Amino acid sequence: MKRGRKTLFALLLALVMTLGLAATAWATGVVPTDTLELTITKIVEQTGDVTPPAETFTFVLEDWVKEGEKHDPAYYGITLEKLEISTATGNEITKTFAVQIDPEKVNAENGWQGYGNNTPSAPIRWYSKSFLLKEVDDGKAGWQYSTKEYEVVFTYDLEGQDMELEVYKPGTDAREPAEFTNIYTENLATVEVPFTKTVKLGGNRAPGKTDFTLDIFKVGNGNKGEYKDVTYTAVVTTKGAGDYDGKLIISGPEEQVRQYISEGISVCEVDGGARGWTYSTAKWYIDFSSREDQDGKPLPTIHPYDVQGAPVDKMTFENIYTRNTSSHTTTDEKPISSPKTFDAGVALYGVSALLSLTGTALVIKRKNG
């Protein structure tokens, strides 16, 4: 019986303490710690030839007060994750961010707007704080950023001890999901630089079919991240002595190609190490900054590398093939070995002589017998 009375007394004491703490919180306006959620959707649309690359987009909560009085959310006791969305997994990504509220800062002194008569008979009933949710335009090439804005309102209801976060169309009571659509426009582009490959003979034998390749050994723009998708080809196939025309073709997304050639390129021939060949040591510098065609496409101006002088129409590369053919070599220039032959006349003569000797020996043997 005594144990039951003690238990009942403990429960009553706990209840009284709880009510006392609640009354204190109500009287002082202390807000219980709460976690809210802010949901943002990023949509990507493609209008050019090139598939939009994976990108990370950033958003901010901008204080919705007059200039000179703006503060970061942290000033108001609002802590949130960095508002970033990556499109690596698709072209429509929805992400929810956690938001924490510091209860000690939800008051008029810290910039929260109180609503009510603020009198003993009619005290403040709830607090509110508004921000504009916007996307950061960080100027990524090819992107048109969303200019939409949303009003994000934090409210705390003193009566219900309840914190809320709502998203509205700015200046209205219409709730809207926060969606930002970015448009990616990028087309494929090519730039061509002409060249001539000249093959000369240093011996009496002509070369067979041979491929020669050029190399861009230096790009003036050292920021490789600006042209990561750009490629180039420059191969010419020769067969014998003569002149062969080819093109160095640079291709990729238009803006990346422009970045690739923006500070010029330097070109040489790849020494393939093929037997009999002397490779060209010529080097060329190509500048694209001074000329464009009628469509605005950059045109090359070609100069000998590290040489001041007038530009030329095309790059030239001269290769010499030196191999000789003699009567003692095959078409592959392997020594010709003397073939083993069978002389039927000599063999027949040998057989006849052998038979003659055999016959003579047989006659002698008979006479002696």
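Residues numbered from 1 in each chain as written. Predicted model: local features only at pLDDT ≥ 70, side-chain atom pairs only at ≥ 80, totals over all residues. Heavy atoms only, no water.

Under the counting rule described, the total for this entry stands at 15 aromatic pairs. When the ring of Tyr115 is compared with that of Trp126, the centres are 4.1 Å apart and the planes differ by 10 degrees; the resulting orientation is stacked. With Tyr115 in strand E6 (residues 113-115) and Trp126 in strand E7 (residues 126-135), this residue pair connects regions lying 11 residues apart in the sequence. Residue Tyr115 is classed as partly exposed on the basis of its relative accessible area, which comes to 33%. Trp126 sits in the partly exposed class, given a relative accessible area of 31%. Considering the side-chain rings of Phe212 and Trp277, the 5.0 Å spacing of their centres and the 85 degrees angle between planes classify their relative orientation as edge-to-face. A residue pair is termed long-range when its members are at least 10 positions apart, and Phe212 in strand E13 (residues 209-219) and Trp277 in strand E18 (residues 277-278) qualify at 65 residues. Each residue in the set Phe57, Trp143, Tyr145 and Tyr184 is aromatic and connected to the rest through ring pairs, giving one cluster. One cation-aromatic arrangement involves Lys129 over Phe131; the distance from NZ or CZ to the ring centre is 5.5 Å. (Phe/Tyr/Trp six-rings, centres within 6.5 Å; stacked < 30°, edge-to-face > 60°. Helix = DSSP H or I, 4+ residues; strand = E, 2+ residues; numbered from the N terminus. Buried < 20%, exposed > 50% of the residue type's maximum accessible area, 1.4 Å probe, protein only. Lys NZ or Arg CZ within 6 Å of the ring centre and 35° of its normal.)

A separate point is the pairing of strand E9 (residues 149-157). Taking burial as the measure, the 9 residues of E9 include 7 buried ones, the bulk of the element. As judged from the 7 bridges shared by E9 and strand E10 (residues 162-168), these two strands associate in the antiparallel manner. In the strand pairing of E10, Phe154 is matched with Leu165. The loop that links E9 with its antiparallel partner E10 comprises 4 residues; one of these, Gln161, has a positive phi angle of about 50 degrees. (Pairing = 2+ DSSP bridges.)

Among the secondary structure elements, Asp63 is positioned in strand E2 (residues 56-63). Excluding residues within four positions of it along the chain, Asp63 makes contact with Glu69, Lys70, His71, Tyr76, Lys129, Ser130 and Phe131. (Contact = heavy atoms within 4.5 Å.)

Let's shift gears to the sheet that holds strand E20 (residues 301-304). A sheet is described by the order of its strands in space; here 5 strands give the open sequence E15-E13-E17-E19-E20, paired in antiparallel fashion. With one partner strand each, in any of the chains shown, strand E15 (235-239) and E20 form the two edges of the open sheet. Here the strands of the sheet are splayed against their neighbours by 30 degrees on average, with no regard to which way each runs. Strand direction decides the pairing type here: E13 and strand E17 (residues 265-269), joined by 5 bridges, are antiparallel. Of the residues in E17, the one forming a bridge with Leu214 is Glu269. (Axes fitted to C-alpha atoms, helices over the stretch in contact; angles between N-to-C directions.)

Here we take up the environment of Thr281. With respect to the helices, strands and loops of the structure, Thr281 is situated in the loop between E18 and strand E19 (283-287). For Thr281, a relative accessible area of 73% corresponds to the exposed category.

Counting 35 residues, the largest nonpolar core has Leu38, Ile40, Leu133 and Phe154 as the members making the most contacts within it. Of all the elements in the fold, those that place two or more residues in this core are strand E1 (34-46), E2, strand E5 (92-101), E7, E9, E10 and strand E11 (178-184). Setting aside its immediate chain neighbours within four residues, Leu38 contacts Leu83, Lys95, Thr96, Phe97, Val99, Leu133, Val152, Leu165 and Val167. The next biggest cluster of nonpolar side chains, apart from the first, holds 28 residues, and it includes Tyr244, Trp277, Tyr279 and Tyr321. (Core = buried A, V, L, I, M, F, W, Y, C linked by side-chain atoms within 4.5 Å.)

Moving on: the sheet that holds strand E16 (residues 242-253). Overall, mixed pairing links the 5 strands, which are arranged E14-E16-E12-E21-E18 in an open sheet. The open sheet terminates on both sides in strands that have one partner only, identified here as strand E14 (231-233) and E18. Where E18 lies against strand E21 (residues 315-321), 2 bridges are found, and the strand directions are antiparallel. Counted as the bridge partner of Thr278 is Ile320 from E21. Contacting strand E12 (188-201), E14 and E16, helix H2 (residues 254-261) runs over the sheet at an angle of about 120 degrees to E16.

This brings us to the environment of Asn110. With respect to the helices and strands, the residue Asn110 is situated in the loop between E5 and E6. Setting aside its immediate chain neighbours within four residues, Asn110 contacts Tyr75, Tyr76, Glu104 and Lys105. A distance of 2.9 Å separates polar atoms of two side chains, one belonging to Asn110 and the other to Asn107. (Polar contact = N/O pair within 3.5 Å; in protein donor to acceptor, adjacent residues only side chain to side chain.)

The grouping of Asp157, Glu159, Asp162 and Glu164 at the surface amounts to a negative patch. Along the chain, Glu164 falls in strand E10. Since its relative accessible area comes to 35%, Glu164 is described here as partly exposed. (Patch = residues over 30% accessible without salt bridge, like charges linked within 9 Å, V, L, I, M, F, W, Y side chains within 5 Å. Areas by Shrake-Rupley, 256 points an atom, 1.4 Å probe, with all protein chains shown as cover. Salt bridge = Lys/Arg side-chain N within 4 Å of Asp/Glu carboxyl O. Lys, Arg positive; Asp, Glu negative; His and termini not counted. Charge placed at Lys NZ, Arg CZ, Asp CG, Glu CD.)

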